[in-house]
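What the coordinates show
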Amino acid sequence: MSARLPTRWRGVLPYLSEPMPPDLTPEATGRTEVGVNLPMELVRQSVLEREYWPIPDEVAAAYRGYRPTPLWRATGFERAIGARVPVYVKYEGGNISGSHKLNTALAQAHYYRRAGVKELVTGTGAGQWGTAMAAACALFGLRCRVFMVESSLRRKPYRGTLMRMLGAEVHSSPSGLTEVSGRHRDGTGNSLSLAIGEAVEYAASHDGVAFCIGSGETYSILHQSVIGLEAREQLAGLEAEVDAVVGCVGAGSNFGGIALPFLAEERSGGAASPTLVAAESTTAPKLTRGVYAYDKTDATGSGPLEAMYTIGSDYPIPDAHSAGLRFHGAAKLISALRHEGDVAATAVSQPDALSAGQLLTRNEAVLPAPESGHALAAAARLATTGAADGERQLRAERGVLVCVSGHGFLDLGAYEQLLDGALDDEAPAERALLGAVSGLTPIREPAGLAAGRSR
């Protein structure tokens, strides 16, 4: 089912139950705080309680090359899982980056170029964001530099090749090029947090260069609202109802993109919002086992501390194929909504995620990224026996909408391990999680919410 291309992004800042906790300047650690060269329009999109933001003409023109994206009822997938209710898929993998990441990459490249920046530098996990940023920089005439998590680049070397095809300089992280990477040459920092930290440090030490980020920032979640805006119109065209919306969560941009337009519609006096379900990895369970506290957003610790659900920025996240989900914290906007009870969450293991991805491949002829497999597994639970959110059991009674945020054509090594029975999973031990968050400043839970959440 097609839809019209949205002309405006839609935000939820006017409809938060409480304001998000303010960012905090880090305590003195002997390190100078890094200033981020952020265009003023992105600052406004992060802080103003404004619901609608016009999509710039240049960005809209680029969107038209791949948007609107398809939505369909996945009847083959329904039969395969024994679904009680319809399952609708919104697919974001049909662009050069292979994922939803291009939605904000194009917007950011537009605003940074207008601000006079010559080069953008970023960190990437699975490589989808790095590819999206490389493509956006190519379209808008900017240089691009990407630090990619080493284990992910090793598994998916063609991600690096594609970024280089688009003109980007690509570095394996830890790279040895930055001070922060020198502290993690033993491999303990093989995470998205370190890749981001390297990008932050590099940008701060070079003129005309700015750091950009693709998932956790409030403005990037705003740009992703095109996904949910289209989906609402497409569901209406099918005369379909859903009472659960699912997206996978690394920091939260594709989940926010598919889910938050439904919440904004309810808060503005429209239709009731479905249950919004964030599907995360059991290897990085910040929303289901983490704490709501102030934490670093990257390995340098040189920027403001943000209020987030976190398993600790220094926690050594176990290796996994879903590199895009291997981040210690959820976006501060997603975390605030979780804190207020507006967002549910469930954790999915790597074998379950890839098994769900295989089912979609066999029954819908669409190969999803491992990250998207987490959302599919959660959607399958919601449509059948139910999904756990701590002691709370979630079930869909009318229908499920799931965002398949990217394709898996560069993740076939992971699926090969699944087929060979060689796929394993490593969930964090409780003692290790408690140790990783022991020094953080917690934010008090609302009464009644903590009791229903697994730690």
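Structure: above.
Owing to the predicted nature of the structure, the values given are computational and were not obtained by experimental measurement.

1. With respect to the packing of helix α4 (residues 102–114) against helix α5 (residues 128–140)
- Across the interface, α4 lies against α5 with an axial gap of 8 Å and an inter-helix angle of 40°. In terms of orientation, α4 lies oblique with respect to α5. Like other packed secondary-structure pairs, α4 and α5 cross with a definite hand, here right-handed. For the pair α4 and α5, contact is made by L102, T104, A105, L106, Q108, A109, H110 and R113 and by W129, A132, M133, A135, A136, C137, L139 and F140, respectively.

2. Brief notes about the side chain of K286
- Examined against the element boundaries, K286 turns out to sit in helix α13 (residues 286–289).
- Of the side chains with opposite charge, E280 lies nearest to the buried K286, which makes no salt bridge, at 4.9 Å.
- A distance of 3.4 Å separates a polar atom in the side chain of K286 from the backbone oxygen of L325.
- Apart from residues no more than four positions distant in its own chain, K286 is found in contact with V249, G250, E280, V291, Y309, T310, I311, L325, F327, H328, G329 and A330.

3. Here's the deal with the nonpolar core
- Within the largest apolar cluster, 94 residues are counted, with the highest numbers of intra-cluster contacts made by W9, Y63, L120, M133, L260, L333 and L401.
- The leading source of residues in this core is α5, at eight residues.
- With residues near it in sequence (within four places) discarded, L333 still touches V12, L13, L16, M20, T218, I221 and L260.
- A244, A377, L382 and A387 belong to the second largest nonpolar core, which has 33 residues in total.

4. Here we look at the pattern of salt bridges
- Summed over the entire model, instances satisfying the criterion amount to 24 salt bridges.
- R67 serves as the salt-bridge partner of E92, at 2.8 Å between the closest nitrogen and oxygen. A residue pair is termed long-range when its members are at least 10 positions apart, and E92 in the loop between β4 (87–91) and α4 and R67 in the loop between α2 (57–63) and β3 (71–73) qualify at 25 residues. As far as the burial class goes, E92 and R67 line up, both buried.

5. Re the sheet that holds strand β10 (residues 275–281)
- Ordered by their spatial adjacency, six strands build an open sheet running β3-β4-β16-β9-β10-β13, and the pairing between neighbours is mixed. Strands with a single pairing partner mark the edges of an open sheet, and in this sheet they are β3 and β13 (344–348). Neighbour to neighbour, the strand axes of the sheet diverge by 25° on average, direction disregarded.
- Relative to strand β16 (residues 400–404), β4 runs parallel, the two being bridged by five bridges. For Y91, the partnering residue across the bridge sits in β16 and is V404.

6. Regarding the environment of V249
- In this fold, V249 is placed in the loop between β9 (244–248) and α12 (253–267).
- Placed 152 residues apart in sequence, V249 and L401 show a C-alpha to C-alpha distance of 15 Å.

7. Description of the side chain of D243
- Tracing the backbone shows D243 in the loop between α11 (225–237) and β9.
- Summary of buried charges: D243 has no salt-bridge partner, and the nearest side chain of opposite charge, R398, is 4.4 Å away.
- One polar contact links the side chain of D243 to the main-chain amide nitrogen of E397, over a distance of 2.7 Å.
- Discounting chain neighbours no more than four positions away, the residues touching D243 are P274, T275, A396, E397, R398 and G399.

8. Some points on the sheet that holds strand β5 (residues 119–124)
- Here we have four strands laid out as an open sheet, ordered β7-β6-β5-β8, and parallel in their pairing. The open sheet is flanked by β7 (169–173) and β8 (209–211), the only strands paired with a single partner. Adjacent strand axes in the sheet meet at a mean angle of 20° when their direction is disregarded.
- Relative to β8, β5 is paired through three bridges, and the arrangement is parallel. Bridge pairing in β8 links L120 to A210.
- Contacts from helix α9 (residues 192–204) reach β5, β6 (143–149), β7 and β8 within the one sheet, and its direction differs from that of β5 by about 160°.

9. Examining helix α17 (residues 412–419)
- Residues A414, Y415 and L418 constitute the buried set of α17. The arc enclosing the buried residues of α17, seen along the axis, measures out at 95°, which places them on a common side.
- If you follow the buried residues of α17, they end up packed against α15 (350–364) and α16 (370–383).
- Just downstream of α17 lies G421, where phi reads positive at about 70°.

10. Structural notes on helix α1 (residues 40–47)
- Those residues of α1 lying buried are E41, L42, Q45 and S46. Seen along its axis, α1 keeps its buried residues to an arc of 140°; they face one direction.
- Contacts made by the buried residues of α1 are with β1 (8–10), β2 (52–54), α4 and α10 (218–223).

11. Observations regarding the packing of aromatic side chains
- The full count for this structure, using the stated rule, is four aromatic pairs.
- Seen from their ring centres, Y292 and Y309 are 4.8 Å apart, and the 15° between their planes marks the pair as stacked. Of the two residues, Y292 is situated in strand β11 (residues 291–295) and Y309 in strand β12 (residues 306–310); the sequence distance between them amounts to 17 residues.
- The exposure class assigned to Y309 is buried, which follows from its relative accessible area of 0%.
- Residue placement shows R232 over the ring face of F262; its charged tip is 5.9 Å from the ring centre.

12. Some thoughts on the packing of α5 against helix α7 (residues 157–165)
- The N-to-C vectors of α5 and α7 enclose an angle of 10°; their axes lie 9 Å apart at closest approach. Our classification of the angle between α5 and α7 gives roughly parallel. Contact residues: α5 offers Q128, G130, T131 and A134, while α7 offers R159, L162 and M163.
- For the contact of α5 with α7, the class distribution of residues is three nonpolar, three polar and one charged.

The rules behind these values
- Residues numbered from 1 in each chain as written.
- Predicted model: local features only at pLDDT ≥ 70, side-chain atom pairs only at ≥ 80, totals over all residues.
- Heavy atoms only, no water.
- Axes fitted to C-alpha atoms, helices over the stretch in contact; angles between N-to-C directions.
- Helix = DSSP H or I, 4+ residues; strand = E, 2+ residues; numbered from the N terminus.
- Parallel < 35°, antiparallel > 145°, perpendicular 65-115°, else oblique.
- Left-handed = near helix turned anticlockwise from the far one by under 90°.
- Contact = heavy atoms within 4.5 Å.
- Buried < 20%, exposed > 50% of the residue type's maximum accessible area, 1.4 Å probe, protein only.
- Lys, Arg positive; Asp, Glu negative; His and termini not counted.
- Salt bridge = Lys/Arg side-chain N within 4 Å of Asp/Glu carboxyl O.
- Polar contact = N/O pair within 3.5 Å; in protein donor to acceptor, adjacent residues only side chain to side chain.
- Core = buried A, V, L, I, M, F, W, Y, C linked by side-chain atoms within 4.5 Å.
- Pairing = 2+ DSSP bridges.
- Arc of directions from axis to C-beta.
- Phe/Tyr/Trp six-rings, centres within 6.5 Å; stacked < 30°, edge-to-face > 60°.
- Lys NZ or Arg CZ within 6 Å of the ring centre and 35° of its normal.
- Nonpolar A, V, L, I, M, F, W, Y, C, P; charged D, E, K, R; others polar.

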